[in-house]
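Observations on the three-dimensional arrangement
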Amino acid sequence: RLGNAKSYTHCYNSLKTFAVNLCIPFTDIDVAWLKRYERFLRERGNSDNTMGIRFRTLRAVYNKAIEDDIVDEKYYPFKKFKVSHFNKKTTKRAISKSEMAKVLALDLSNITTYYSPLLYLSKDLFVFSYLGCGINMIDMAYLTYSNIIDDRICFKRHKTGQGITFRLLPQTIEIINKYKNEGYSLSDYIFPILDKKFHITEIQQYDRIRKVTKGVNRNLKKIGSFLGLNIPLTTYVARHSFATVLKRSGVNVAIISEALGHTSLSTTQFYLDSFDNEQIDDAMKNFL
């Protein structure tokens, strides 16, 4: 997984800058050492979220070292140094149903005098995510027409490989048809994010999706600003708004956690697989 690999690379570079020489025994990494590293990161202006990623990565390496009998478990520093203290309450990212209605009804020609394909794509992806079970950007990028089965989207999460399915609503069908080219094949991507001719390797695909996501989020912020929304719109706002509607509809919290990734996806996915699709379908009727 490229995202996970990048986390390890960033952690390695950070630790190397801090310690200069990483040829040290694991027993040197005690609570005092970790506190010095935390102070180093704070002085460099790192956020709690970034520091949490760094320390969780380092902790995973230490756990692997114990597993491989490189260091005795009695030296494990993370029993006293709790990585959880970096966890901060997430800023509100959901918008109300009435605010979502404004986004859905917005005529984008009121924002710009010239046609901007990315602006229109940004709105369509936002709406598709909200009405599409909170599907995230990377999974939308990889959707092909073969994922459409009996008016449902059926796909495997890129991150976990777990199966997800949700019913297509009229609005999401309209969005899909908008980007459908004449003579398309089932293996073609639904959205114009990836191109099989140019984005061949996983790294090329990863970089492309990140680039498009940045552009989409810039355009979503323009839309939110135009509508006077208090929360800056991003692709994640669509996911959080979806989750909020489900919560208010009485859907099992495990389903919401899975959609947002707030807990282990491998655990919450178990609840989603056993969850009656009709209950989700009924709850999704409350979106509009």
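My aim in this report is to walk through the structure given alongside it, one point at a time. (Residues numbered from 1 in each chain as written. Predicted model: local features only at pLDDT ≥ 70, side-chain atom pairs only at ≥ 80, totals over all residues. Heavy atoms only, no water.)

In terms of regular secondary structure, the protein chain is built from twelve helices and three strands. Among the 288 residues that make up the protein chain, the fraction classed as buried is 44%. Restricting the contact set of the protein chain to residue pairs at least 6 apart, pairs at least 24 apart contribute 59%. Counting only carbon and sulfur atoms, one obtains 50% of the accessible surface of the protein chain, whose full area is about 16,300 Å². (Helix = DSSP H or I, 4+ residues; strand = E, 2+ residues; numbered from the N terminus. Buried < 20%, exposed > 50% of the residue type's maximum accessible area, 1.4 Å probe, protein only. Contact = heavy atoms within 4.5 Å. Areas by Shrake-Rupley, 256 points an atom, 1.4 Å probe, with all protein chains shown as cover.)

Moving on to helix α5 (residues 117-131). In this model α5 runs 21 Å from its N-terminal to its C-terminal C-alpha over 15 residues, within 8% of the 21 Å that 1.5 Å per residue would give. By the criterion of burial, α5 is predominantly enclosed, with 13 of the 15 residues buried. Cys133, located one to two residues past α5, shows a positive phi value of around 60°. (Expected span 1.5 Å × (residues − 1).)

Here we take up the packing of aromatic side chains. Here the structure, examined in full by the defined rule, presents 19 aromatic pairs. Where Tyr37 meets Phe55, the ring centres are 5.1 Å apart and the plane angle is 50°; that geometry is what we call tilted. Linking Tyr37 in helix α2 (residues 31-43) with Phe55 in helix α3 (residues 48-67), this pair joins segments that are 18 residues apart in sequence. Across the pair, exposure class does not vary: Tyr37 and Phe55 are buried alike. (Phe/Tyr/Trp six-rings, centres within 6.5 Å; stacked < 30°, edge-to-face > 60°.)

This part takes up the sheet that holds strand β3 (residues 163-167). Pairing is antiparallel across the open sheet formed by three strands, whose spatial order is β1-β2-β3. This sheet does not close on itself; its edge strands, each paired only once, are β1 (148-149) and β3. The sheet contact formed by β1 and strand β2 (residues 152-156) spans two bridges and is antiparallel. When the bridges of β2 are listed, Ile149 appears paired with Arg152. (Pairing = 2+ DSSP bridges.)

This next bit is on the packing of helix α4 (residues 97-105) against α5. If you want to describe how two helices pack, look at the angle between their axes and the distance between the axes. Axis separation between α4 and α5 bottoms out at 10 Å; the angle between their running directions is 140°. Classified by the interaxial angle, the pair formed by α4 and α5 is oblique. Taken as a pair, α4 and α5 cross one another with a handedness that is left-handed. Packed against α4, whose contacting residues are Met100, Val103, Leu104 and Ala105, the element α5 presents Lys123, Phe126, Val127 and Tyr130 at the interface. (Axes fitted to C-alpha atoms, helices over the stretch in contact; angles between N-to-C directions. Parallel < 35°, antiparallel > 145°, perpendicular 65-115°, else oblique. Left-handed = near helix turned anticlockwise from the far one by under 90°.)

A few words on the pairing of β2. Here β1 folds back onto β2, and the loop between the two strands holds two residues, one of which, Asp150, carries a positive phi near 55°. Pairing geometry for β2 and β3, over five bridges, is antiparallel. Of the residues in β3, the one forming a bridge with Phe155 is Ile164. Turn length for the β2-β3 hairpin, with the two strands adjacent in sequence and antiparallel, is six residues, and the turn residue Gly161 shows positive phi of about 80°.

Time to look at the environment of Gly224. With respect to the secondary-structure elements, Gly224 resides in helix α8 (residues 202-227). It is 9.0 Å that separates the C-alpha atoms of Gly224 and Thr234, two residues lying ten residues apart in sequence.

Moving on, we get to the pattern of salt bridges. According to the stated counting rule, one finds six salt bridges in the structure shown. Where Glu67 meets Lys64, a salt bridge forms, and the shortest distance between an N and an O atom there is 3.8 Å. In this pair, Glu67 and Lys64 are both assigned in helix α3, three residues apart and thus about one turn of the helix distant. When its relative accessible area of 44% is taken as the criterion, Lys64 is described as partly exposed. Residues Asp139 and Arg157 are paired through a salt bridge, measuring 3.4 Å at the closest nitrogen-oxygen approach. Taken together, the positions of Asp139 in helix α6 (residues 137-142) and Arg157 in the loop between β2 and β3 put the pair 18 residues apart, joining distant regions of the chain. You'll find Asp139 and Arg157 in the same group, each marked buried. Overlapping salt bridges bring together Glu38, Arg42 and Asp48 as one network. (Salt bridge = Lys/Arg side-chain N within 4 Å of Asp/Glu carboxyl O.)

A cluster of like positive charges, contributed by Lys6, Arg210, Lys214, Arg218 and Lys222, occupies part of the molecular surface. With four residues, α8 is the largest single contributor of residues to the positive patch. Assignment of secondary structure puts Arg210 in helix α8. (Patch = residues over 30% accessible without salt bridge, like charges linked within 9 Å, V, L, I, M, F, W, Y side chains within 5 Å. Lys, Arg positive; Asp, Glu negative; His and termini not counted. Charge placed at Lys NZ, Arg CZ, Asp CG, Glu CD.)

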